[in-house]
Number of protein chains: 2
Amino acid sequence: MSLRHALLAAIHETAATGYELNQRFEERLSHVWSASHQQIYRELARLETQGLLVVEIQPQAGKPDRKRYAITAAGIKALQGWLGAVQARPAVRDPLLLKCFAGDLTPTPALLKELAVHEQTWRREQAIYRQIEARYFSVPPSLSRHYRMQYLALRRGLLDIESWLVWAGEVRAMLEQGDA
Amino acid sequence: MSLRHALLAAIHETAATGYELNQRFEERLSHVWSASHQQIYRELARLETQGLLVVEIQPQAGKPDRKRYAITAAGIKALQGWLGAVQARPAVRDPLLLKCFAGDLTPTPALLKELAVHEQTWRREQAIYRQIEARYFSVPPSLSRHYRMQYLALRRGLLDIESWLVWAGEVRAMLEQGDA
DNA sequence: CCTTACATGTAACAAGTTACATGATTAG
DNA sequence: CTAATCATGTAACTTGTTACATGTAAGG
């Protein structure tokens, strides 16, 4: 129910085209909300027919016309309504944990290999987030509330990765103990 | 793509009815995989027509006939194939983080209230997981590999909750600082 | 009397994924 | 010549949610 609100929030920051929104989701929102470009375009069209967004069409030669979306008063109201209501926590659906649950059917080397693959990604992301965090601290403290709030989302990304890395360590310790 | 594999894994442990599987998902798998009973019944029917499960129908008076599903050789093979392949990490889609991203539009008291609500749930779950963990340690170490693997999934649940509680603390610290 | 447990579903819908389509420009 | 960037989509499919349906028996 909340891709629409993710889009409204992103467009409330800055009016944007579907293409730009897709980039923002990939580059700055991957630890908050994911969406494919197909989903984004579909939802933007809906939000526009519902009057929560307005389009300004910018004709282009060679490429499809650019459609820049901006939020309307109704859009802001809808977003605020959602922000004010308590939302349910997302359900857990994790293939990696399912492999642990499957226990005796999951071969140790396969699990270890998978762990190594994911660990690489985690460390890469951790490095990126830490860089952004460093930039945050180079700015005078309590600059804008908006900025501080977004920093909290980043912190969550970091804490999440850290806890996965701790877990990976525990898994390795236990599996090696079991082999010995 | 993996509710089917969650079901295959659960049924591989013990043959079960849809009703029982729904209970197991709620009681023992909520930190691994979630599914509603509708989804479970739908998927069980599919898995049966595909020959990955077999049904044994136990007639009952008054209630609908009980259908007990067991895994077939083909089912085990399909499950092992999936377990052996590296799976992508699930995408993040978190309403709470979206509220942080929305920053200046999210009222501080609303966020604090939501945090308090979720924190209660986290602490409750934490207590439950810790009890199960204590039971784990009361058993002679390295009993069965299966059991140890499932313990790892539990550990992940605990680490996840702990990192959320840490984050909740950071959020509170920052928002109170901002108000002062 | 009312709720919970038992035991299965159907139907409609919303959300997310995967594959395909178009066509120009720029960088290697 | 090849791949990536720009910029938009459609179509088909799978997965997950929500609402509704049926009917018994036990416990407070």
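Computed from a predicted structure; not experimentally measured. (Residues numbered from 1 in each chain as written. Chains lettered and ligands numbered in written order. Predicted model: local features only at pLDDT ≥ 70, side-chain atom pairs only at ≥ 80, totals over all residues. Heavy atoms only, no water.)

Draft legend 1. Highlighting the domain arrangement of chain A. Residues and elements named next belong to chain A. Parsing chain A into structural domains produces domain 1 (3-84) and domain 2 (95-178). One C-alpha centre belongs to domain 1, the other to domain 2, and the line joining them spans 29 Å. The interface is formed by five residues belonging to domain 1 together with six residues belonging to domain 2. Surface buried jointly by domain 1 and domain 2 totals about 340 Å² across both partners, of which 48% is contributed by carbon and sulfur atoms. Inspection of the region where domain 1 meets domain 2 yields zero salt bridges. Counting across the interface, domain 1 meets domain 2 through two residue pairs in polar contact (both at pLDDT 80 or more). (Domains from an automatic or database assignment. Contact = heavy atoms within 4.5 Å. Buried area = accessible area lost by both parts, 1.4 Å probe. Salt bridge = Lys/Arg side-chain N within 4 Å of Asp/Glu carboxyl O. Polar contact = N/O pair within 3.5 Å; in protein donor to acceptor, adjacent residues only side chain to side chain.)

Draft legend 2. Examining the pattern of salt bridges more closely. This structure, assessed with the given rule, holds 26 salt bridges over all chains. Across the pair Arg68(A) and Glu20(A) runs a salt bridge whose closest N-O atoms are separated by 3.1 Å. Here Glu20(A) lies in helix 2 (residues 18-27) and Arg68(A) lies in strand 2 (residues 66-71), a separation of 48 residues in the sequence. You can call Glu20(A) partly exposed: its relative accessible area is 25%. Across the pair Asp160(A) and Arg156(B) runs a salt bridge whose closest N-O atoms are separated by 3.8 Å. Taken together, the positions of Asp160(A) in helix 7 (residues 145-179) and Arg156(B) in helix 7 (residues 145-179) put the pair across two chains. Where salt bridges share partners, they join Arg156(A), Asp160(A), Arg156(B) and Asp160(B) into one cluster. (Helix = DSSP H or I, 4+ residues; strand = E, 2+ residues; numbered from the N terminus. Buried < 20%, exposed > 50% of the residue type's maximum accessible area, 1.4 Å probe, protein only.)

Draft legend 3. Highlighting helix 2 of chain A. All names here are of chain A. All buried positions along helix 2 are accounted for by Gly 18, Leu 21, Asn 22, Arg 24 and Phe 25. Buried residues of helix 2 fall within an arc of 165 degrees about the axis and therefore sit on the same side. Across from the buried face of helix 2, at angles greater than 90 degrees, the exposed residues are Tyr 19, Glu 26 and Glu 27. On its buried face, helix 2 is in contact with helix 1 (3-13), helix 3 (37-49) and strand 2. (Arc of directions from axis to C-beta.)

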